[in-house]
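Commentary on secondary and tertiary structure
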Amino acid sequence: MTYAITQTCCNDATCVAVCPVNCIHPTPEEPDFGTTEMLYIDPRACIDCGACADACPVDAIFPADRLTGRLREYEAINAGYYTENTAREPGPAVASPNFHTWGEPSFPRSLPSDFAPLRVAVVGTGPAGMYAAEDLLLHTNAEVTLIDRLPVAGGLVRYGVAPDHPATKGAGETFARFHSHPRVRMRLGVEIGRDVTAEELAAHHDAVVYAVGAPADRRLGIPGEDLPGSVSATSVVSWYNAHPETGADAVPLSAERVVVVGNGNVALDVARVLVTDPAALAGTDIADHALAALSGSWVREVVLLGRRGPEHAAYTASELLALKHLPDVDLVVDDRDPRTGAAIDAAAAGEKAALLRDVAREAVDWTRPPAPDRRRIVLRFHSAPAEALGTDAVRAVRVTEDGSEAGTEIGAGLLVRAIGYRGVALPGLPFDEATGTVPHEAGRISGMPGGYVVGWIKRGPSGGIGANRACAEETVGTLLADAVAGALPKPTGTSAEFRRLARSRSKGLVDARGLAAIDRTERARGREAGRPRVKLATVPELVAAARGSRRRRPV
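Below: a short report on this structure. Given the structure is predicted, the values throughout are model-derived calculations rather than measurements.

Some remarks on the sheet that holds strand 16 (residues 383-389)
If you trace the 3 strands from one edge of the open sheet to the other, you get 16-17-18, paired in antiparallel fashion. Either end of the sheet is taken by a strand with one partner, and the two such strands are strand 16 and strand 18 (408-411). Neighbour-to-neighbour, the strand axes of this sheet turn through a mean angle of 30 degrees, independent of strand direction. Bridge count between strand 16 and strand 17 (residues 396-401): 6 bridges; the pairing is antiparallel. Considered in strand 17, the bridge of serine 383 is made with glutamate 401.

Structure representation (structure tokens):
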């Protein structure tokens, strides 16, 4: 029986590397890689060995005959990729059992036998930074210093993945194995520009890789956007994930209706969490304060506004499927615009709009309040917010249609903007305000020898967890090429000197032992509550847990 890749696919292609018959596509060498929503297993070529399932860092691969519930659809989704892309498939290899030819071997890196160990600092412990660290640790003899401004590692895996996606969070366990690597030093709770300058960091390392992401949100630019009750999706996601810089009262849930602007995966995450039965979230690592607030929430309806039609929706098919199968939550398409239904009906099999064909349609009457006995999510396309209405807080959102200034007034007590993330300037680094990224050439920071970027601060806020693997491979390849060419500045300080500098500047510095103590504390709290972990939600709590079992011997 063939295997199938399911919803939580992270696209990092670990499965591709271990497949003995080349049946998982697109591969990193193929043009479609990085453009498809997920990877797909060819049912004609799969030999049921299970190597891909063992290697998958997010538990997204299962035998097709064991798929249950909403996951059953993924058997057809995997097979459908090959039906729809037959013309682009390579022909079978001659005298080979494979259904796909293998690419030519490629060895782009060549390190001399006497390659000296490098000291590399990686700023940011999210997926981008950890893929870069992994590449350096597995393929060179480099010593890596992991730095994060927060006193705990994880980045977007810890603070950006929805709590009801535990398999996706599993990528964090893969990265965590490097936290205690003998060639890794952790300096958490150290902020570049506040505690240590970029120049000081460079002076103690051969190279510095910045993986600081895109922490800011994009604004709507409409009147009333700054009213109480108007928040960013960044804040909502941080709130339910116990980010220590987001307060427990950051998201008011005292209204029956919420308007979310955007229809990407983050918008769907926010909508799903706001209407999911709190009892179903009680077994996750959701923040305690968020779980308590959701248990007493008045929210019964979330309206997702999409500027364009369903054929152009930014969410992935897998996230929409998850929304369709949400228990005790109705999914409705507002079809007051005839273009919406026409696009859904005309969509070909395999297109995202076609997935809405069996979803209820309704010309929603926005003058009526949400039904008190049901929860639902409404997809409203061809709409854009024009103004947040209210005096002391948001009470409604005026929505335009086809550019009309009149539009429709949708009563809502919470407005969430989910229209994308944006990078912010880091002191000491060049920055392109137009793109929200650091100017670079294949990861090499322009005009800054020894400085490199990876992840969203390099390429912009696009691509999920797995997209960072190829991104990191390029950046690390550039770094190593510069090292071989003798283009890296020689550091003037030692690793021990940097440790002393960091400790003298950061009052809340956490090392590898401290991080392990935080992990033990959160897991212990989780066991008491019947949950995988209960997160510590403030910086003082995290630092206190880290210091609870600190040993005297420095690392």
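Digging into the environment of lysine 352
Within the secondary structure, lysine 352 sits in the loop between helix 14 (338-346) and strand 14 (360-362). Along the chain, lysine 352 and histidine 312 lie 40 residues apart, while their C-alpha atoms are 8.5 Å from each other. Residue contacts for lysine 352: discarding those within four places in its chain leaves Glu37, Ala313, Ala314, Tyr315, Thr316, Ala317 and Leu320. Looking at lysine 352, its side chain comes within polar contact range of the main-chain oxygen of alanine 313, at 2.7 Å.

A few points about the nonpolar core
Formed by 73 residues in total, the largest nonpolar core has its most connected members in Ile24, Leu39, Ile41 and Leu118. Considering every element that reaches this core, the biggest residue donor is helix 4 (residues 127-139), with 7 residues. Filtering out sequence-adjacent residues up to four positions away, isoleucine 24 remains in contact with Ile5, Cys15, Val16, Cys19, Leu39, Tyr40, Ile41, Cys52 and Tyr82. Within the second largest apolar cluster, 46 residues are counted, among which are Ala162, Val231, Ala242 and Ala271.

Observations concerning the packing of helix 10 (residues 265-275) against helix 13 (residues 317-324)
Viewed as axis vectors pointing N to C, helix 10 and helix 13 meet at an angle of 15 degrees, and their least axial separation amounts to 10 Å. It follows from the interaxial angle that helix 10 and helix 13 lie roughly parallel. The handedness of the crossing between helix 10 and helix 13 comes out as left-handed. Each of Asn265, Leu268, Asp269 and Arg272 in helix 10 lies in contact with helix 13, whose residues at this interface are Glu319, Leu320 and Leu323. When grouped by side-chain class, the residues that make up the contact of helix 10 with helix 13 number 3 nonpolar, 1 polar and 3 charged.

Focus on the pattern of salt bridges
The final tally for this structure, using the stated rule, is 38 salt bridges. Residues arginine 417 and aspartate 217 are paired through a salt bridge, measuring 2.8 Å at the closest nitrogen-oxygen approach. Separated by 200 residues along the polypeptide, arginine 417 in strand 19 (residues 414-417) and aspartate 217 in strand 9 (residues 216-217) bring together distant segments of the chain. We classify aspartate 217 as partly exposed; its relative accessible area is 22%. Linking lysine 324 and aspartate 358 is a salt bridge whose minimum nitrogen-to-oxygen distance equals 3.0 Å.

Points about the pairing of strand 13 (residues 329-334)
A large share of strand 13 lies buried, amounting to 5 of its 6 residues. Bridge analysis of strand 13 against strand 15 (residues 375-380) gives 6 bridges, and the strand direction is parallel. Opposite valine 333, over in strand 15, you have leucine 379 as the bridge partner. One crossover worth recording links strand 13 to the parallel strand 14 by way of helix 14, and it is right-handed.

What counts, and at which threshold
Residues numbered from 1 in each chain as written. Predicted model: local features only at pLDDT ≥ 70, side-chain atom pairs only at ≥ 80, totals over all residues. Heavy atoms only, no water. Pairing = 2+ DSSP bridges. Helix = DSSP H or I, 4+ residues; strand = E, 2+ residues; numbered from the N terminus. Axes fitted to C-alpha atoms, helices over the stretch in contact; angles between N-to-C directions. Contact = heavy atoms within 4.5 Å. Polar contact = N/O pair within 3.5 Å; in protein donor to acceptor, adjacent residues only side chain to side chain. Core = buried A, V, L, I, M, F, W, Y, C linked by side-chain atoms within 4.5 Å. Buried < 20%, exposed > 50% of the residue type's maximum accessible area, 1.4 Å probe, protein only. Parallel < 35°, antiparallel > 145°, perpendicular 65-115°, else oblique. Left-handed = near helix turned anticlockwise from the far one by under 90°. Nonpolar A, V, L, I, M, F, W, Y, C, P; charged D, E, K, R; others polar. Salt bridge = Lys/Arg side-chain N within 4 Å of Asp/Glu carboxyl O. Right-handed = clockwise from strand over helix to strand, strands pointing away.

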